[in-house]
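Results of the structural survey
Below, each chain spelled out in residue letters.
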Amino acid sequence: MEAKIQRIQELKKEKNAVIMAHYYVPDEVQDIADYVGDSYYLSEMATKVDAEIIVLCGVSFMGESAKILNTGKKVLLPAADADCPMAHMADTERIAEVREEYEDVAVVCYVNSTAELKAASDVCVTSSNALKIVKALPNQNIFFIPDQNLAHYIADQLPEKNFIFNDGFCHVHHNVRKDQVLAAREAKPDALVLVHPECRPEVTALADYVGSTSGIINYATESDAKEFIISTEMGVFHELQKRNPGKKFYTAGNMQICPNMKKISLDKVIASLEKEETQVEMDAELIRDAHAPMKRMLELSK
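Here is a short report on the structure shown in this document. (Residues numbered from 1 in each chain as written. Predicted model: local features only at pLDDT ≥ 70, side-chain atom pairs only at ≥ 80, totals over all residues. Heavy atoms only, no water.)

This part takes up the packing of helix H3 (residues 39-46) against helix H4 (residues 60-69). Between H3 and H4, the least distance of the axes is 9 Å, while the angle of their chain directions is 30°. The angle between the axes of H3 and H4 places the two elements in the roughly parallel class. In this structure, H3 meets H4 at a crossing whose hand is right-handed. Where H3 abuts H4, its residues Ser39, Leu42, Ser43 and Ala46 lie against Phe61, Met62, Ser65, Ala66 and Leu69. Across the contact of H3 with H4, the residue classes break down as 6 nonpolar, 3 polar and no charged. (Axes fitted to C-alpha atoms, helices over the stretch in contact; angles between N-to-C directions. Helix = DSSP H or I, 4+ residues; strand = E, 2+ residues; numbered from the N terminus. Parallel < 35°, antiparallel > 145°, perpendicular 65-115°, else oblique. Left-handed = near helix turned anticlockwise from the far one by under 90°. Contact = heavy atoms within 4.5 Å. Nonpolar A, V, L, I, M, F, W, Y, C, P; charged D, E, K, R; others polar.)

Following this line, the structure appears as structure tokens:
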């Protein structure tokens with residue numbers, strides 16, 4: 001392990017590279033990253049780093065997002081086959097249909113989506129800024145893609161807007177069930193329930209707090225409570241335990257694991273830096289079209 005970490009440090013210096021990792025990747029990968037965060041944080045930091053190479057330890061849409069925001073930089077995905085099923089759970093044909101049907105519509109694209117979907121949208125959002133951005137939009141009609149659960153969570157807080165729902169979902173969060181959360185709460189009655197808004201509405205309704213991955217970490221850290229039931233991907237437990245060694249964290253009752261996020265390893269980070277064969281390559285026109293809604297997201301979330 002030490003030899004691998006040393007090799008990564010050598011390669012970073014040699015290649016003028018920076019490593020970014022999502023909270024859902026394996027613990028040891030989070031530990032060697034220069035920046036660890038959720039989708040919004042990684043998108044924001046990608047615009048600020050001055051390294052020549054960005055090694056994005058996450059799934060494919062994250063690598064695409066980094067490339068869209070940094071066309072002049074080389075973006076490497078250590079696990080090129082690490083994909084997000086939800087990122088594909090919408091299509092441009094349906095977007096066109098909705099635009100035809102509704103005059104005053106904004107297509108709001110969750111950043112957990114392909115570059116093609118971003119390019120066909122008006123603005124991108126993350127779970128941490130979706131409410132703020134959608135609320136600020138002048139449009140009455142909102143077509144929210146691809147995640148239905150985050151869409152319902154935002155729609156419940158903005159009754160003045162008309163939401164058109166898509167049927168996409170994150171399988172990790174969608175598979176957390178109400179009965180599991182209730183059983184976990186019964187087993188740990190002193191624990192607060194912290195839920196990601198990608199979970200089903202009946203699960204978010206049980207939460208003491210609903211928020212993004214970073215939001216969950218910050219809430220648990222600032223809370224006086226000592227026990228928490230966490231309804232998001234289990235990779236977040238690493239950061240939770242690092243920040244809160246005196247607190248206890250439990251799952252909502254199932255193995256909340258994203259197999260694609262777990263494909264990233266130290267060996268793959270080393271190989272990607274050594275060979276530079278896992279570059280994110282995109283058509284210039286697609287980058288240009290997808291950049292506008294990404295840039296609008298960063299502007300509206302300030």
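Across the 5 residues of strand S11 (residues 227-231), 5 count as buried, placing the element largely inside the fold. Here S11 shows a buried face lined by Glu227, Ile229 and Ser231 and a second buried face lined by Phe228 and Ile230. In this sheet, S11 lies alongside strand S9 (residues 192-195) in parallel orientation, the contact comprising 4 bridges. Within S11, the residue paired with Val195 across the bridge is Ser231. As paired elements, S11 and strand S12 (residues 248-251) share 4 bridges and run parallel to each other. Residue pairing in the sheet places Glu227 in a bridge with Lys248 of S12. On the question of chirality, the crossover connecting S11 to the parallel S12 by way of helix H13 (residues 236-243) is right-handed. (Buried < 20%, exposed > 50% of the residue type's maximum accessible area, 1.4 Å probe, protein only. Pairing = 2+ DSSP bridges. Right-handed = clockwise from strand over helix to strand, strands pointing away.)

Quick look at the nonpolar core now. Side chains of a nonpolar character, in soluble globular proteins, are inclined to be buried together. Among the nonpolar cores identified, the biggest contains 96 residues, and Val108, Phe144, Ile230 and Val269 are the most heavily contacted of them. Sequence-distant contacts of Phe144, defined by excluding residues within four places in its chain, comprise Val108, Tyr110, Val125, Ala130, Leu150, Ala151, Phe163, Ile164 and Asn166. (Core = buried A, V, L, I, M, F, W, Y, C linked by side-chain atoms within 4.5 Å.)

Moving on, we get to the pattern of salt bridges. Enumeration over the complete set of coordinates arrives at 18 salt bridges. The salt bridge involving Glu276 is made with Lys15; its shortest N-O contact spans 2.8 Å. Taken together, the positions of Glu276 in the loop between helix H14 (266-275) and helix H15 (284-300) and Lys15 in helix H1 (residues 2-15) put the pair 261 residues apart, joining distant regions of the chain. Each member of the pair, Glu276 together with Lys15, is buried. For Glu97, the salt bridge is made with Arg94, and the minimal N-O distance between the two is 3.4 Å. (Salt bridge = Lys/Arg side-chain N within 4 Å of Asp/Glu carboxyl O.)

A few words on the sheet that holds strand S7 (residues 141-145). Read across the open sheet, the 4 strands follow the order S6-S5-S7-S8; overall the sheet is parallel. In this open sheet, the two strands that pair with only one neighbour each are strand S6 (123-125) and strand S8 (162-165). The mean angle between the axes of side-by-side strands here comes to 30°, regardless of whether they run parallel or antiparallel. Alignment of strand S5 (residues 105-110) against S7, held across 5 bridges, turns out to be parallel. Within S7, the residue paired with Val105 across the bridge is Asn141.

Our next topic: the sheet that holds S11. Here we have 4 strands laid out as an open sheet, ordered S10-S9-S11-S12, and parallel in their pairing. Each having just a single partner strand, strand S10 (209-210) and S12 make up the two edges of the open sheet. Docked against the sheet, helix H10 (residues 178-187) engages S9, S11 and S12, running at close to 170° with respect to S11.

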